[in-house]
Amino acid sequence: MTKIITVVNQKGGVGKSTISQFTGNELKSRGYKVLFIDLDPQGNLSYSLGVNILELENSQTIYEPLTNGTDAGKAILKTEQADIIPASQFLASADIGNFALSNALEPLKSAYDVIIIDTPPTLSTLVINALTASDALVIPALADAYSLQGLGQLRNTIEAVQDALNPSLTIAGILLTKYDKRKVLTRTIYKMLKDTAESLNTKVFDAKIRDAIAITEAQAMQQDILKYDPHTNVVRDIKAYVNELEKEW
Ligand SMILES: Nc1ncnc2c1ncn2[C@@H]1O[C@H](COP(=O)(O)OP(=O)(O)OP(=O)(O)O)[C@@H](O)[C@H]1O
Ligand SMILES: [Mg+2]
């Protein structure tokens, strides 16, 4: 059965697009058929896969399937890294119903094992659509108080979706990103993190994604870090995280 995974956190810059890209590319390297969906009008994930969304017609993006119910299969773009339905800059102002994405993805499921959805730093209709269409969530977070405090707000949205739109939605875990190994997790932050995970009925992944310059470099060159610098330490982090994610299936 196709697994739909959304990477979500309304806080900006916590590593959502980066984690989406890794998760998909690592799963692809393990033999899964992977499709990316870029739901963020910023188009960062599309960019990382070598796609400039400003050059695309609406019909070549997720915009038309969401707003007009057109065949999302026609918007699939094959890139060197994986297949993607790119974002559109017009998504932010799009008027879409809660089940639009869910409906758009349904006919694509037979062709893919995993669909990875990257989301914008909001709690907008786009995010509601992603949560409604998903089986599981990965929540990237930084190990700081503001970052963790914001997860309470995210929890309310997740619970609202579970109650009204998608009762089978689960949270795979909270993933610490841009992690600085030289800084110990203070007891206060650690407790906040554990409490937050508990209140979300989920866990914190044992793996942490360290802060690594190689990531910024690979993204600037629109490359897959797993191929760009396969022996770097952060690639080990990514594989350890994906091992944990895969075990839950
Ligand atoms: N582990 C890491 N080490 C170093 N830099 C990282 C790491 N993860 C992400 N970054 C960098 O941090 C910035 C933000 O990451 P990213 O775009 O993935 O976050 P985001 O949550 O998707 O942001 P937004 O909320 O704007 O969509 C990017 O410049 C990215 O290259
Ligand atoms: Mg992003």
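Whatever comes next refers back to the structure up there.
About the criteria used
Residues numbered from 1 in each chain as written. Chains lettered and ligands numbered in written order. Predicted model: local features only at pLDDT ≥ 70, side-chain atom pairs only at ≥ 80, totals over all residues. Heavy atoms only, no water. Buried < 20%, exposed > 50% of the residue type's maximum accessible area, 1.4 Å probe, protein only. Helix = DSSP H or I, 4+ residues; strand = E, 2+ residues; numbered from the N terminus. Pairing = 2+ DSSP bridges. Axes fitted to C-alpha atoms, helices over the stretch in contact; angles between N-to-C directions. Parallel < 35°, antiparallel > 145°, perpendicular 65-115°, else oblique. Contact = heavy atoms within 4.5 Å. Nonpolar A, V, L, I, M, F, W, Y, C, P; charged D, E, K, R; others polar. Phe/Tyr/Trp six-rings, centres within 6.5 Å; stacked < 30°, edge-to-face > 60°. Lys NZ or Arg CZ within 6 Å of the ring centre and 35° of its normal. Near = heavy atom within 4 Å. Polar contact = N/O pair within 3.5 Å; in protein donor to acceptor, adjacent residues only side chain to side chain. Areas by Shrake-Rupley, 256 points an atom, 1.4 Å probe, with all protein chains shown as cover. 1 Å grid on protein atoms, 1.4 Å probe; cavity = no way out; pocket = protein on both sides within 12 Å on 5 of 7 lines; lining within 4 Å. Sits in = over half its atoms within 2 Å of the grid points. Points joined across faces, edges and corners; volume = space filled by probe spheres on them.

1. Some remarks on the pairing of strand 2 (residues 34–38)
At step 1: Among the five residues in strand 2, five count as buried, and that is most of the element.
At step 2: Side chains Val34, Phe36 and Asp38 of strand 2 all project onto a buried face; the interleaved residues Leu35 and Ile37 project onto the opposite face, where all are buried too.
At step 3: Of the pairings in the sheet, the one linking strand 2 to strand 5 (residues 114–118) comprises five bridges and is parallel in character. Across the sheet, residue Phe36 finds its bridge partner in strand 5, namely Ile116.
At step 4: For strand 2 and strand 4 (residues 83–85), the ladder comprises three bridges, and the chain directions are parallel. From the neighbouring strand, Leu35 faces strand 4, where its bridge partner is Asp83.

2. Thoughts on the packing of helix 1 (residues 16–29) against helix 11 (residues 233–247)
At step 1: At a minimum axis separation of 10 Å, helix 1 and helix 11 run at an interaxial angle of 75 degrees. Taken as axis vectors, helix 1 and helix 11 run roughly perpendicular relative to one another. Of the residues in helix 11, those in contact with Ile19, Phe22, Thr23, Glu26 and Leu27 of helix 1 are Ile238, Lys239, Tyr241, Val242 and Leu245.
At step 2: Residue composition of the contact of helix 1 with helix 11, by class: seven nonpolar, one polar and two charged.

3. As for the packing of aromatic side chains
At step 1: Tallying each qualifying case throughout the model produces three aromatic pairs.
At step 2: Seen in terms of ring centroids, Tyr32 and Trp249 are 5.1 Å apart; in terms of plane orientation they differ by 75 degrees. Their pairing is edge-to-face. Here Tyr32, found in the loop between helix 1 and strand 2, pairs with Trp249, found in the segment after helix 11; they are 217 residues apart in sequence, far enough to count as distant.
At step 3: Measuring from ring centre to ring centre gives 6.4 Å for Tyr63 and Phe90, while their planes differ by 75 degrees; the resulting arrangement is edge-to-face. Separated by 27 residues along the polypeptide, Tyr63 in helix 3 (residues 63–68) and Phe90 in the loop between strand 4 and helix 4 (100–105) bring together distant segments of the chain.
At step 4: Looking at Lys208, its charged tip hangs above the ring of Tyr179, at a distance of 5.4 Å from the centre.

4. Here's the deal with the environment of Val235
At step 1: Of note, Val235 is situated in helix 11.
At step 2: Distance in space between the C-alpha atoms of Val235 and Glu26 is 9.5 Å, their sequence separation being 209 residues.
At step 3: The residues contacting Val235, other than those within four sequence positions of it, are Ile225, Leu226, Asp229 and Pro230.

5. Comments concerning the site of ligand 1
At step 1: Residues in close proximity to ligand 1 total 19 residues, the closest being Ser17, Thr18, Arg210, Ala212 and Gln219.
At step 2: In this structure, Gln42 approaches ligand 1 through a side-chain N or O atom, which is 3.2 Å from an oxygen atom.
At step 3: Contact between ligand 1 and Arg210: a nitrogen atom at 2.8 Å from a main-chain N or O atom of the residue.
At step 4: In isolation ligand 1 offers 630 Å² of accessible surface; the protein chains occlude 82% of this area.
At step 5: Comparing atom positions with the cavity grids shows ligand 1 to sit within the largest pocket.
At step 6: Those elements that provide at least two residues to the shell around ligand 1 are helix 1 and helix 9 (213–220).
At step 7: When grouped by side-chain class, the residues that make up the shell around ligand 1 number five nonpolar, eight polar and six charged.

6. Brief notes about the layout of surface pockets
At step 1: Of the pockets and cavities examined, the largest pocket occupies roughly 450 Å³.
At step 2: Considering the residues around the largest pocket, the lining is formed by 25 residues, among which Gly13, Gly15, Thr18, Lys178 and Gln219 are closest to the centre.
At step 3: Of all the secondary-structure elements, those providing two or more residues to the lining of the largest pocket are helix 1, helix 2 (44–48) and helix 9.
At step 4: Element by element, the count of residues in the lining of the largest pocket is highest for helix 1, at five residues.
At step 5: Each residue belonging to the lining of the largest pocket can be placed in one class, and the counts come to eight nonpolar, 12 polar and five charged.
At step 6: Put simply, the second largest pocket is a space of about 260 Å³.
At step 7: Around the second largest pocket, the lining is made up of 14 residues, and of these Ala143, Asp144, Lys178, Asp180 and Lys183 lie nearest the centre.

Distances and angles like these do not, on their own, reveal function.
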